[in-house]
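Letter by letter, the chains look like this.
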Amino acid sequence: MANGQWYPPEWPDRIRALADGSLTPVAPKRAATVMLLRDADTGPAVHMLRRRASMAFAGGAYAYPGGGVDPRDEHQIRWAGPTRAWWAQRLGVDEAAAQAIVCAAVRETYEEAGVLLAGPTHDSVVGDTTGEDWEADRAALVARDGSFAEFLDRRGLVLRSDLLGAWTRWITPEFEPRRYDTWFFVAALPEGQRTRNASTEADRTVWIRPAEAAESYDKGELLMMPPTIATLRQLTPYDSAAQALAAAPERDLTPVLAQARLDDGEIVLSWPGHDEFTKHIPTGGAPA
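To start, this report covers the structure provided alongside it. (Residues numbered from 1 in each chain as written. Predicted model: local features only at pLDDT ≥ 70, side-chain atom pairs only at ≥ 80, totals over all residues. Heavy atoms only, no water.)

1. Re the sheet that holds strand β6 (residues 118-119)
Item 1. Spatially, β5-β7-β6 is the arrangement adopted by the three strands of the open sheet, whose pairing is mixed. One side of each edge strand has no neighbouring strand; the edge strands of this open sheet are β5 (79-80) and β6.
Item 2. With two bridges connecting them, β6 and strand β7 (residues 158-160) associate as antiparallel partners. Pairing of Gly119 across the sheet is with Val158, part of β7. (Pairing = 2+ DSSP bridges. Helix = DSSP H or I, 4+ residues; strand = E, 2+ residues; numbered from the N terminus.)

2. Considering the nonpolar core
Item 1. One finds Trp87, Leu91, Leu116, Phe148, Leu159, Leu164 and Phe185 to be the most contacted residues of the largest nonpolar core, which totals 41 residues.
Item 2. Counting residues per element, the ones that place at least two in this core are β1 (29-40), α2 (84-91), α3 (95-113), α4 (132-142), α5 (148-155) and β9 (180-188).
Item 3. It is α3 that provides the largest number of residues to this core, a total of eleven residues.
Item 4. Non-local contacts of Leu116, meaning those with residues more than four positions away in its chain, are made with Val106, Tyr110, Val125, Val126, Thr129, Trp134, Phe148, Phe151, Leu157, Pro190 and Gln193.
Item 5. Within the second largest apolar cluster, 38 residues are counted, among which are Met48, Trp170, Ala258 and Ile267. (Core = buried A, V, L, I, M, F, W, Y, C linked by side-chain atoms within 4.5 Å. Buried < 20%, exposed > 50% of the residue type's maximum accessible area, 1.4 Å probe, protein only. Contact = heavy atoms within 4.5 Å.)

3. Examining the packing of aromatic side chains
Item 1. As enumerated under the stated definition, the model contains ten aromatic pairs in all.
Item 2. Between Tyr64 and Phe184 the ring centres are 6.4 Å apart and the planes differ by 90 degrees, which places this aromatic pair in the edge-to-face class. Of this pair, Tyr64 sits in the loop between β3 (62-63) and β4 (66-68) while Phe184 sits in strand β9, and the two are 120 residues apart along the sequence.
Item 3. A centroid spacing of 6.5 Å and a plane angle of 85 degrees characterise the contact between Tyr110 and Trp134, whose relative ring orientation is edge-to-face. Here Tyr110, found in helix α3, pairs with Trp134, found in helix α4; they are 24 residues apart in sequence, far enough to count as distant.
Item 4. The exposure class assigned to Tyr110 is buried, which follows from its relative accessible area of 1%.
Item 5. These aromatic residues form a ring-pair network of at least three members: Tyr110, Trp134, Phe148 and Phe151. (Phe/Tyr/Trp six-rings, centres within 6.5 Å; stacked < 30°, edge-to-face > 60°.)

Listed below in structure tokens is the structure:
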């Protein structure tokens with residue numbers, strides 16, 4: 001493997017099955033992930049976690065905090081920032097789904113990184129969230145003992161949707177058994193808060209400059225899935241977290257969906273607009 005692209009060994013067989021009609025694609029589940037940024041002397045760094053090697057999906061790969069939408073993310077919630085209608089137009093879904101996706105982004109960032117994009121008012125954000133009472137609330141959310149809306153309501157907090165910028169959207173290939181329709185967001189680490197490894201799915205976390213992470217991927221030192229390395233490369237031009245957030249509203253959210261075709265005895269796997277991920281897989285062989 002010349003770089004750190006994560007490639008499941010079962011993909012060729014599943015691609016063939018999809019091509020011959022013996023595999024029926026499963027419907028993707030909506031999900032959200034957040035590229036959390038903080039400024040440093042050499043430019044912004046992004047918070048990443050490494051998935052445990054024991055994980056069935058992308059074990060050992062670096063990723064961002066995130067996860068699937070919970071049905072309760074549609075519950076009426078204390079809300080600040082752009083309206084649900086604005087988010088629905090931006091994300092290309094209805095208002096209920098838009099709220100759920102934004103809520104999932106904020107909730108998962110709190111569950112997996114201990115960072116909460118919420119505050120007592122529409123223009124404030126909570127400070128330190130590392131106390132025992134905060135940890136009890138976070139653990140309850142992870143266990144799905146209550147909804148995020150109930151948590152915010154009890155705390156007297158509003159979700160700060162204006163602290164998020166929608167960046168890109170990727171859909172898991174049709175030949176994968178677990179599929180997600182994932183919206184990627186950018187956000188700046190709120191002042192007074194700090195990240196920690198709060199995820200049961202990760203064995204380490206890092207703050208790393210996007211260019212440095214991309215270089216390590218190119219050397220085969222960091223394992224990543226295509227959406228992760230693609231977004232890292234997209235972040236490299238920005239000199240600050242604020243610059244990246246300012247650029248988010250103009251980002252194209254057309255979904256990126258891998259395509260697989262049979263061509264002259266080999267499988268060609270490609271991601272539209274991302275030529276670096278194209279794979280040529282000889283029949284019965286390994287990717288090239």
